[in-house]
Amino acid sequence: MRGTWPAVVFFALAALVPVVVRDAFLLDGLILLLLWGATAAAWNVAGGYAGQVSLGHAAFFGLGAYAAALLGTRWTLSPWIGLLVGAALATVCGCIIGFLSNRLRGPYFVLATIAFSQVLLVVASRWRALTAGSEGVPVPFRPGFWTLGIADKRVWVYLVLVLVVLLYLIELYLERSRRGYQLAAVREDEDAALSLGVPAQRLKVAAIAASAALTAVCGALWAQYVGFVDPFYVFSVDLSVRFCLATILGGIGTPLGPFLGATLITTLETYLRAHFGGIGAGRVGIYLIIYGVALIVMMRVAPQGLVPWIGERLRRRPAPGTAP
Amino acid sequence: MSRLSVSGITKRFGGITANRDISFDVAPGELVGIIGPNGSGKSTLFEVISGFSRPDAGEVRLDGGRLTGLPPDRVCRLGVARTFQKLRPFAGLTVVDNVMIGALTRTRDVRHARTRARDLLDRVGLAEKADAPARTLSTGQRKRLELARALATEPQVLLLDEVTGGVDQRSIPGLVQLVRDLHRDGLTLLVIEHNMRVITAVAQRILALYLGEKIADGPPDTVTRDRRVVEAYLGQAYAQ
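As the structure is a prediction and not an experimental result, all values here were calculated from the model. Within each chain, residues carry numbers counting from 1 in the order of the written sequence. Each chain takes a letter, starting from A, and each ligand takes a number, starting from 1, following the order in which they are written. Whole-chain, interface and lining totals are the exception, using all residues; otherwise, since this is a predicted model, local features are given only for residues with pLDDT of at least 70 and side-chain atom pairs are given and counted only at 80 or more.

1. Structural notes on the overall build of chain A
- Scanning chain A for helices and strands turns up 15 helices and 2 strands.
- Each radius of gyration is computed over the set of C-alpha atoms, and the globule rule expresses the reference value as 2.2 Å times the number of residues to the power 0.38. For 324 residues, the compact-globule estimate of 2.2 N^0.38 gives 20 Å, and chain A sits close to it at 20 Å.
- To assign burial, the other C-beta atoms lying within 10 Å of each residue's own C-beta are counted, with C-beta atoms placed from the backbone; 20 or more indicates buried, 12 or fewer indicates exposed, and intermediate counts indicate partly exposed. Each of the 324 residues in chain A was classed as buried or not, and the buried ones make up 45%.
- Once local pairs closer than 6 in sequence are excluded, the contacts in chain A between residues at least 24 apart make up 76%. A helix here means a DSSP run of H or I that spans at least four residues, while a strand means a run of E at least two residues long, and both kinds are numbered starting from the N terminus. By the convention adopted here, residues are in contact when the distance between their C-beta atoms, placed from the backbone, does not exceed 7 Å.

In C-alpha cells form, the structure reads like this:
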C-alpha cells in the first residue's frame, strides 16, 4: 500500500459520515476515534519513523490538555492560544527527552519516558495552586469558534479531520523526503547512519520534539472537546500505551497505520464494553479479557501491523483487471 | 601536502593499549594497505580516524584541517568515508535506498540521489539487486553494498575494513578490481586486509601494526620481508 488511495478513501468516508449520520453517540465515537488516530500518528513520528519508542507520550498529551484548559479557565484566553502554548511547552520537553535519547538506548529510553510522564502526573495532581490538583479542571463552554465552544458535533468531525489530514501529510513527508530516509537509516542502524554523514543525534531530537508538539495539539483539542481534564487520565501510562498500541497494530512507521490501528482498537473497545461490560453478575471485567485475547490474536496474525499485512495480501493476489 | 595525516595516535581501553603513538601521512591518490595479526589495532585505528572513537593522545588531519574531536557524521561530511568490518547494511531498506542515504549527504534532491545510487550500484555490480531488501544479500554482495554506500558520500579518503574477509573465493577478483579502479580514478584509500596476496597486489605502500604499534612502513616487498613483520605473523622460528 504505497499509494495514497486507501488513505483518501478512509478520510473521505470519515468526512461523509456527518452528512448521513445524525446520531450523537456515533458522531461522538467518530470524533474520539479520529482524535486517537491523530495522537497515534503523532506518536508514530518518534516511535515509528525515528525508532524512539516512548511510553510516556501521555506527558505531552497532558501538557496540551492542561495548557488549553488552564489558560481558558484562569486567564480566559482562547484555547487556540492554549494549544500553541501547550505545543511550545511540549517542544521544550521533547528536546529534553530527545537529548536523553542520545544517552539512553532501547529499554532505558523507554523507562525514562515513563518516568517523565509520572513526574508530570505528580506535579499536576499536587500543585493545587496552579492545577486544582487531583480534582481536575473543568473546561468552561464558551460558544464560538475562537473559544472552541462548538455544540454541533458535525463541526467537530471536520475540525478534527483537518488535524488528521495534516498529520497524514506529515507522515507522507517522513516517508518520502530526504529527512525521512535519513531517519529510517537512524532507526535501522545509528552507527552506520553516522558513518554516512547523517546527523543522527540532531534528527532524533527534532523528530521527538515534533512528535511531542503534535501530541500536545491533540491533547488541547481533546480537552476542549471532552470538557474536563483529569490528571490521572491524561498523564496515565494507559494512555501512552494506547498511542503506541494503536500504531503497532496498524503498522508502525506507515502513514495510515496509526489511523487504522486507532479505528480498530477504539471500535473494538467500545463494542465490547457495550455488549460485555454490563454490571450483570460476574462479568464486570470480562470485556477486558476478550479485548486482550483479540489483541494477541491480531498480533499473531499480522505481527507487522495491518497496513503491511493488507499490502502483502494485495500484492500476492492482484485485483482482476489491473495491469500486471 | 599530505591528504590524511595521523600523528601520535594513542588509544587505550582500560589497561590495554590498542594504538600506541601511531603516526603516518597519506599523499593524495595513494593506496595504503594496513596489515597485522588479529588484535594489532587496525580496526581501532579506523575507529579513531573516522571519529567513532576519541584517541587518548594524538590527532588526525584531513588536508590540514583537524578531524579529531569531531563526531563521525561531521568527519564523513568533511570527506572521510568508511566501511565496517562487521557489515552493517540497513537490513530493512532496499539496496538502492541504502546507497541513497549516502548520496543524500551530498544532495537535497531525493530523485537525484536515487539516480546516483543506481549508477553506483551499477559500478559495484549490484544493479540487478537494487530493489531487493538488503537483508537478502550474501556476504560478498553486502561488501559491495557497503562500498557503494560509502562511495555515495563522495569521499576524499576511503577507509576499507577487510574488503575480502568472509567473501567466497570467486568474488575476490571482482572486489580487488573494484578497489584498483577506485585508486586509478584518484581516490585516496586506506585498506585493512588479511589476505597477503591481495594486499601486496593492490597497495603501493603497506603499514604493519603489531600489538598496537607501527612496526613497518614501506613498499610491499620490503614490508613483507621485514624481520619484525615475519616474526609477528609466523613466530620467531620462521624469521631466521
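2. Focus on the overall build of chain B
- Each helix and strand counted, chain B has 9 helices and 10 strands in total.
- A compact globule built from 240 residues would reach a C-alpha radius of gyration of about 18 Å, and chain B, at 18 Å, matches this within 12%.
- Structurally, chain B occupies a C-alpha span of about 55 × 40 × 35 Å along its principal axes.
- Burial status across chain B gives 43% buried among its 240 residues.
- Pairs at least 24 residues apart make up 64% of the contacts formed inside chain B by residues separated by at least 6 positions.

3. Let's talk about the sheet that holds strand β2 (residues 16–26) of chain B
All names here are of chain B.
- DSSP calls a pair of strands paired once it identifies at least 2 bridges connecting them. Sheet architecture is open: 4 strands sit in the order β2-β1-β4-β5, paired in antiparallel fashion. Looking at strand neighbours, the two that pair on one side only are β2 and β5 (65–66), the edges of this open sheet.
- With 2 bridges joining them, strand β4 (residues 57–62) and β5 adopt antiparallel strand pairing. Opposite Arg61, over in β5, you have Arg66 as the bridge partner.

4. Details of the interface of chain B and chain A
- Contacts between chain B and chain A engage 21 residues on the former and 18 residues on the latter.
- Of all the secondary structure elements, the ones that give two or more residues to the side of chain B that touches chain A are α2 (72–78) and α3 (95–103) of chain B.
- For this classification, the nonpolar set comprises Ala, Val, Leu, Ile, Met, Phe, Trp, Tyr, Cys and Pro, the charged set comprises Asp, Glu, Lys and Arg, and every other residue, Gly included, is treated as polar. Looking at the side of chain B that touches chain A residue by residue, the classes come out as 9 nonpolar, 5 polar and 7 charged.

5. Overview of the packing of helix α2 (residues 24–49) of chain A against helix α7 (residues 153–176) of chain A
Residues and elements named next belong to chain A.
- Close contact between α2 and α7 brings their axes to 9 Å; oriented N to C, the two are set at 20°. Taken as axis vectors, α2 and α7 run roughly parallel relative to one another. Considering only the axes of α2 and α7, their crossing is left-handed.
- Classifying every residue of the contact of α2 with α7 by side-chain character gives 21 nonpolar, 2 polar and 4 charged. For helices, the axis comes from a line fit to the C-alpha atoms of the stretch in contact; other axes are also lines fit to C-alpha atoms, and the angle between any two N-to-C directions lies between 0 and 180 degrees. Oblique is the label for any angle not under 35 degrees, not over 145, and not in the 65 to 115 range, which are roughly parallel, roughly antiparallel and roughly perpendicular in turn. Put simply, a crossing is left-handed when the front helix is turned counterclockwise from the back one by less than a right angle, and right-handed when it is turned clockwise.

6. Let's talk about the domain arrangement of chain B
Residue and element names in this part refer to chain B.
- Note that domain bounds follow an automatic or database assignment of domains. Considered domain by domain, chain B is made up of domain 1 (4–79 + 155–239) and domain 2 (87–153).
- One C-alpha centre belongs to domain 1, the other to domain 2, and the line joining them spans 24 Å.
- Taken residue by residue, the interface counts 12 residues in domain 1 and 9 residues in domain 2.
- Looking at the side of domain 1 that touches domain 2, the elements with two or more residues in it are α2 and α6 (172–184).
- Among the residues making up the side of domain 1 that touches domain 2, the classes are represented as 7 nonpolar, 3 polar and 2 charged.

7. Quick look at the sheet that holds strand β7 (residues 157–161) of chain B
Residues and elements named next belong to chain B.
- What the 6 strands build is an open sheet, ordered β6-β7-β8-β3-β9-β10; its pairing is mixed. Two strands in the sheet have a free side with no partner beyond their single neighbour: β6 (80–82) and β10 (213–218). Strand-to-strand twist across the sheet, computed as the mean angle between neighbouring axes with direction ignored, equals 20°.
- Judged from the 3 bridges that link them, β6 and β7 form a sheet pairing that is parallel.

8. Considerations on the pairing of β10(B)
All names here are of chain B.
- For strand β9 (residues 205–210) and β10, the ladder comprises 5 bridges, and the chain directions are antiparallel. Considered in β10, the bridge of Leu209 is made with Lys214.
- With antiparallel pairing between neighbouring strands as the criterion, β9 and β10 make up a hairpin whose turn holds 2 residues, including Leu211 at a positive phi of roughly 50°.

9. A closer look at unusual backbone geometry
Residues and elements named next belong to chain B.
- Positive phi, normally seen in glycine, also occurs at Asp63, with a value near 50°.
- Assignment of secondary structure puts Asp63 in the loop between β4 and β5.
- Here the phi dihedral of Glu154 falls at roughly 50°; this positive angle occurs in a residue that is not glycine.
- Among the secondary structure elements, Glu154 is positioned in the loop between α5 (139–152) and β7.

10. With respect to helix α12 (residues 237–250) of chain A
All names here are of chain A.
- The first and last C-alpha atoms of α12 sit 20 Å apart over 14 residues, in line with the 20 Å expected at 1.5 Å per residue.
- In terms of residue burial, α12 counts as a mostly covered element, since 10 of its 14 residues are buried.
- Directly after α12, the chain includes Gly251, whose backbone phi takes a positive value near 130°. Each residue after the first adds 1.5 Å to the expected span of a helix.

11. Describing the environment of A:Leu83
Residues and elements named next belong to chain A.
- Its location among the elements puts Leu83 in helix α4 (residues 79–101).
- As a C-alpha pair, Leu83 and Ala216 span 133 residues in sequence and 7.3 Å in three-dimensional space.
- What Leu83 contacts, discounting residues up to four positions off in sequence, is Gly64, Ala68, Val217 and Ala220.

12. Description of the packing of helix α3 (residues 58–74) of chain A against α4(A)
Residue and element names in this part refer to chain A.
- Between α3 and α4, the least distance of the axes is 8 Å, while the angle of their chain directions is 145°. Note on packing geometry: the crossing formed by α3 with α4 is right-handed. Within the contact between the two elements, α3 uses Ala59, Phe60, Leu63, Gly64, Ala67, Ala68, Leu71 and Gly72 and α4 uses Pro79, Ile81, Gly82, Leu83, Val85, Gly86, Ala87, Leu89, Ala90, Cys93 and Gly94.
- Counted by class, the contact of α3 with α4 contains 14 nonpolar, 5 polar and no charged residues.

13. Side note on the environment of A:Ile252
All names here are of chain A.
- Of note, Ile252 is situated in the loop between α12 and α13 (257–276).
- Residue Ile252 is classed as buried on the basis of its C-beta count, with 23 C-beta atoms lying within 10 Å.
- If near-sequence neighbours (up to four positions away) are discounted, Ile252 is found in contact with Asn44, Gly47, Gly48, Thr247, Gly257 and Gly305.

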